[in-house]
Amino acid sequence: MTVDDRWHKRVKRPDGSVEQVRTTRYGVGQRWQVRWRDDSGRQRNKSFDRKSDADRFDAGVRADLFRGNYVDPAAGKVILRSFGTDWLAAQTFDPSTREAVELRLRLHVSPDLGDRELRRLSPSVVQAWVRGLQGRMAANYVRVVFANLSAMLTAAVDDGKIAKNPCSAASVKPPAAERRRV
């Protein structure tokens, strides 16, 4: 991994000294570039305006790679609706459960969240979505729909699409279960 200055390069003079000279990119675009190889060996890079931001990002990627927690930022560009279709196809549900889950995803998840990239789902987005559902349906049903979304996003974490499930954050709470009156 390296942090490179894209505006300057070092040039060795004939007398052996080193001089810093401007590159053709001087003053254009972001100056600092972090380059690394991901878990699969693919060359990756990201650019920054400030060296301190590049150094911080570099340290984070190094730590994630070392711990085995690295998640490719591009992997989360998958659209939730598309991931949900693939996820549902891979499940070993019985036919009636598959139909019920597909219906919940199609009617309650996809209209509000389906066009979002997985990496753009934050706990606050999920909580706002849950709050919107509460105004339209019973709390117990909202909990079931939320559980289906959470299971799907847990699979996205397991598949390396996102680093963490936004549904499992402490700030995201489905509504309390309603007790049946007898």
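Keep in mind it's a predicted model, so treat the numbers as computed, not measured.

J.: Report on the overall build of the protein chain, specifying residues and quantitative values.
T.: Scanning the protein chain for helices and strands turns up 5 helices and 5 strands. Ordering the α and β elements of the protein chain from the N terminus gives β-β-β-β-β-α-α-α-α-α. Projected onto its principal axes, the C-alpha coordinates of the protein chain cover approximately 95 × 30 × 30 Å. For the protein chain, the proportion of its 182 residues judged to be buried stands at 32%. Split by element, the accessible area of the protein chain, about 11600 Å² in all, is 49% carbon and sulfur.

J.: Tell me what's going on with the sheet that holds strand 5 (residues 43–48), and back it up with residues and numbers.
T.: Sheet strands associate in pairs through backbone hydrogen bonding, adopting either a parallel or an antiparallel arrangement. Pairing is antiparallel across the open sheet formed by 3 strands, whose spatial order is 1-4-5. Each edge of the sheet is formed by a strand with only one pairing partner; in this case those strands are strand 1 (2–5) and strand 5. Going across the sheet, the axis of each strand differs from the next one's by a mean of 25°, ignoring polarity. Both strand 4 (residues 32–37) and strand 5 contribute to a ladder of 6 bridges, which runs antiparallel. Opposite Arg37, over in strand 5, you have Gln43 as the bridge partner.

Calculation notes
Residues numbered from 1 in each chain as written. Predicted model: local features only at pLDDT ≥ 70, side-chain atom pairs only at ≥ 80, totals over all residues. Heavy atoms only, no water. Helix = DSSP H or I, 4+ residues; strand = E, 2+ residues; numbered from the N terminus. Buried < 20%, exposed > 50% of the residue type's maximum accessible area, 1.4 Å probe, protein only. Areas by Shrake-Rupley, 256 points an atom, 1.4 Å probe, with all protein chains shown as cover. Pairing = 2+ DSSP bridges. Axes fitted to C-alpha atoms, helices over the stretch in contact; angles between N-to-C directions.

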